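Here's the letter readout for the chains.
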Amino acid sequence: MNGAASGGEPASGGPHTQGGDPSGYPIAQRIPQEVLDAEAGRLAALAKAPAHKRIGGYARLAGPGFMGAALTLGAGTLTSSMLSGATFGYRTLWLIWLACGLGLFMMAAMARFTCKGGFRVIQVQNRRHSWLIGSLLTALVGTAVVAVIFNFGQVALGTHLIESLAPFAGFSFPAEYNWVLYVGVTSWLILSYGRRGGTGTRLVEGVMKAAIALMIVAFGAVLVVVGVDWGAAARGAFVPWLPGGGQGLDLFIASSAAAVGVMDWVFFHYAGLGRGWGRNHESLARFDLFAGLFIPFVVVNFLVIGVFAATLFPQGITPESAPELAAALMPLLGPTWSQILFYVGFLAVPITTTVAMSLAGAMAIHEAFGWEPDTASWRWKISALLPQVAFLAAWNANPVWLVIFIAAFLSLANNVVGWSMYLLLNDRRVLGEDRSKSYLWNLGILLQVTLLNAIAITYIFNRLGLW
């Protein structure tokens, strides 16, 4: 490890400098200075523009938040929503906005570290809280290992969906063969990030935005076909309810722990650094979190729960894996076009998550070992493509409860890292006058961290038969 990993000053902006230079992050250095200057000029103009023009301008400049939504809307999250809708109807809709909403407090802290701090947070963790917290728990366990493990679920789901779509085109394309297509497409996007003077990053962000739009259009159209019980949906969105016993606990764990965690925190922070965000970008970053992460997460999960609440729930059909849930849904959708649209929208989920997780893993591995990220280097390419070992999932798909188990285990890492982030946000030596001075902000982070810890402890006691 280099000096940063063993306790030295962060490479881009020391903790005593308020508002370091995020463009010092090597990925941002590949963006021409005139491009960064032009974006700074647009932000300055937008700050004085009317609200509707400001929103439109921010939407065009946003990106890391949408990539965060693509990361979060993975196989585990969508399977949990499918299962919730099929088993409980609309009654668990409230968990969506609660889980993601609490997560925004911590994500806002990451925006502060990026824009006002200008440092690389894992390096600062190493210096302030030891490499056990920074390099090990945050970078390797909470991000890199998670990227590899969770990608098995993405590949299993993606290859199954390709296999399910092929018959509509009149041919067979089993998962044992189509994984080459899945890995090829996702690898191309992964390796495009950070290349060609910033255009590669824009390309990946554009694909993420388009994929989220596709999810909303596809699932929305299917929901129109099957119909919505708006009264039940309104009650489910605002009246807290959970089934009794271990079933309710498992559902709560899947919805809460899988929403926003360590990988999401790390990825948003470093993706912002990779865009060259600085002090004037914090308003854009917060807009990106709300419009790019929170709204897509809530809308997509609402649509998925709604589709299954209107179809499988009245039938009493509750399969336990995403492929089984999708297969049970198909006969109830009616027209062939709606079945194709559902599969296509669903396929966008694992593809975008694989890309985002792989990038997060590469960023984390480089920070853990003190390597400077060079997206043209073989070290970066190997790190970024490491999760693609999950092509083996084409022969062995993960059941939904394994995803839930992993999410519960990760909540322990989320808790430890969460406390570290909370302390950094309030550390005068790290942020100076830019540290948090908001009781509400601190309370929101403490609630999320406490919730994650309570989930982990309760889950362990439940599985040991002690609760």
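For the structure itself, consult the block above.
Since the model is a prediction, treat every value here as computed from it, not as a measurement.

Chemist: Can you break down the overall build of the protein residue by residue, with the values?
Modeler: Assigned secondary structure in the protein consists of 20 helices and zero strands. Counting only residues that meet the buried cut, the protein has 59% of its 467 residues in that class.

Chemist: Tell me what's going on with helix α14 (residues 282-315), and back it up with residues and numbers.
Modeler: In an α-helix there are 3.6 residues to a turn, and that puts residues three or four apart on one side. In this model, α14 (34 residues) spans 48 Å end to end at C-alpha, consistent with the 50 Å of a helix rising 1.5 Å per residue. Of all the bends found along α14, the most pronounced is centred on Ala309 and spans about 40°. Positive backbone phi, approximately 70°, marks Gly316, located one or two places after α14.

Chemist: Help me get a handle on helix α6 (residues 94-117), residues and values and all.
Modeler: Helix length check: α6 (24 residues) gives 34 Å between terminal C-alpha atoms against 34 Å at 1.5 Å per residue, within 8%. Taken as a whole, α6 carries its principal kink of about 30° at Phe105. Of all the 24 residues making up α6, 20 are buried; the element is thus mostly covered by neighbouring parts of the structure. Phi turns positive, to about 70°, at Gly118, one or two residues after α6.

Chemist: Which residues make up the environment of Gly345, and what are the values?
Modeler: On the secondary structure map, Gly345 appears in helix α16 (residues 336-368). Spatially, the C-alpha atoms of Gly345 and Ala218 are 5.2 Å apart, while their sequence positions differ by 127 residues. The residues contacting Gly345, other than those within four sequence positions of it, are Leu214, Met215, Ala218 and Phe219.

Chemist: Describe the environment of Trp94, listing the residues and the values that go with them.
Modeler: Along the chain, the position of Trp94 falls in helix α6. Assessed through its relative accessible area of 10%, Trp94 is described here as buried. Placed 139 residues apart in sequence, Trp94 and Ala233 show a C-alpha to C-alpha distance of 9.6 Å. Side-chain polar atoms of Trp94 contact the backbone oxygen of Trp241, separated by 3.0 Å.

Chemist: Before we move on, can you summarise the packing of aromatic side chains with the specific residues and values?
Modeler: Applying the stated criterion across every chain, the model contains 17 aromatic pairs. With a centroid separation of 6.4 Å and an interplanar angle of 55°, the aromatic rings of Phe168 and Tyr343 are classed as tilted. In this pair, Phe168 is assigned in the loop between α8 (132-165) and α9 (175-192) and Tyr343 in helix α16, connecting sequence segments 175 residues apart. Residues Trp419 and Tyr422 carry aromatic rings whose centres are separated by 5.9 Å and whose planes lie at 85° to one another, so their mutual orientation is edge-to-face. Highlighted residues: Trp419 and Tyr422, both in helix α18 (residues 400-425), separated by three residues, approximately one helical turn. According to the relative accessible area criterion, Tyr422 is buried, its value standing at 17%. A connected cluster of aromatic rings, assembled from ring pairs, spans Phe168, Phe219, Phe308, Phe342, Tyr343 and Phe346. Over the aromatic face of Trp241 sits the side chain of Arg91, whose NZ or CZ is 3.9 Å from the ring centroid. Lying across the ring of Trp441, Arg286 places its NZ or CZ 5.2 Å from the centre.

Chemist: Go over the side chain of Thr352 with me, naming the residues and quoting the values.
Modeler: Looking at where Thr352 falls in the secondary structure, it is placed in helix α16. Look past the residues within four positions of Thr352 in its chain and what remains in contact with it is Ala70, Met208, Ala211 and Met215.

Chemist: Could you give an account of the packing of α9 against helix α17 (residues 378-385), with specific residues and numbers?
Modeler: Axis separation between α9 and α17 bottoms out at 10 Å; the angle between their running directions is 135°. On the basis of their axis angle, the class for α9 and α17 is oblique. Here α9 and α17 pass one another in a crossing that is right-handed. Judged by residue contacts, Ser187, Ile190 and Leu191 of α9 engage Lys381, Ala384 and Leu385 from α17.

Chemist: Before we move on, could you go through a nonpolar patch on the surface and cite the residues and values that matter?
Modeler: A surface patch of nonpolar side chains, amounting to about 290 Å² of accessible area, comprises Ile216, Phe290, Ile295 and Val299. Residue contributions to the nonpolar patch peak at three residues, all from α14. Within the secondary structure layout, Ile216 lies in helix α10 (residues 199-226).

Chemist: Help me get a handle on the packing of α14 against helix α15 (residues 322-329), residues and values and all.
Modeler: Following both chains from N to C, one finds α14 and α15 inclined at 65°, their axes separated by 10 Å at the closest point. The element α14 and its partner α15 pack so that their crossing is left-handed. Only Leu325, Ala328 and Leu329 of α15 make contact with α14, whose side of the interface consists of Val307, Phe308, Thr311 and Leu312. Here the contact of α14 with α15 is composed, by residue class, of six nonpolar, one polar and no charged.

Thresholds, definitions, all that
Residues numbered from 1 in each chain as written. Predicted model: local features only at pLDDT ≥ 70, side-chain atom pairs only at ≥ 80, totals over all residues. Heavy atoms only, no water. Helix = DSSP H or I, 4+ residues; strand = E, 2+ residues; numbered from the N terminus. Buried < 20%, exposed > 50% of the residue type's maximum accessible area, 1.4 Å probe, protein only. Expected span 1.5 Å × (residues − 1). Bend = angle between axes of the 7 residues up to and from the residue. Contact = heavy atoms within 4.5 Å. Polar contact = N/O pair within 3.5 Å; in protein donor to acceptor, adjacent residues only side chain to side chain. Phe/Tyr/Trp six-rings, centres within 6.5 Å; stacked < 30°, edge-to-face > 60°. Lys NZ or Arg CZ within 6 Å of the ring centre and 35° of its normal. Axes fitted to C-alpha atoms, helices over the stretch in contact; angles between N-to-C directions. Parallel < 35°, antiparallel > 145°, perpendicular 65-115°, else oblique. Left-handed = near helix turned anticlockwise from the far one by under 90°. Patch = residues over 30% accessible without salt bridge, like charges linked within 9 Å, V, L, I, M, F, W, Y side chains within 5 Å. Areas by Shrake-Rupley, 256 points an atom, 1.4 Å probe, with all protein chains shown as cover. Salt bridge = Lys/Arg side-chain N within 4 Å of Asp/Glu carboxyl O. Nonpolar A, V, L, I, M, F, W, Y, C, P; charged D, E, K, R; others polar.

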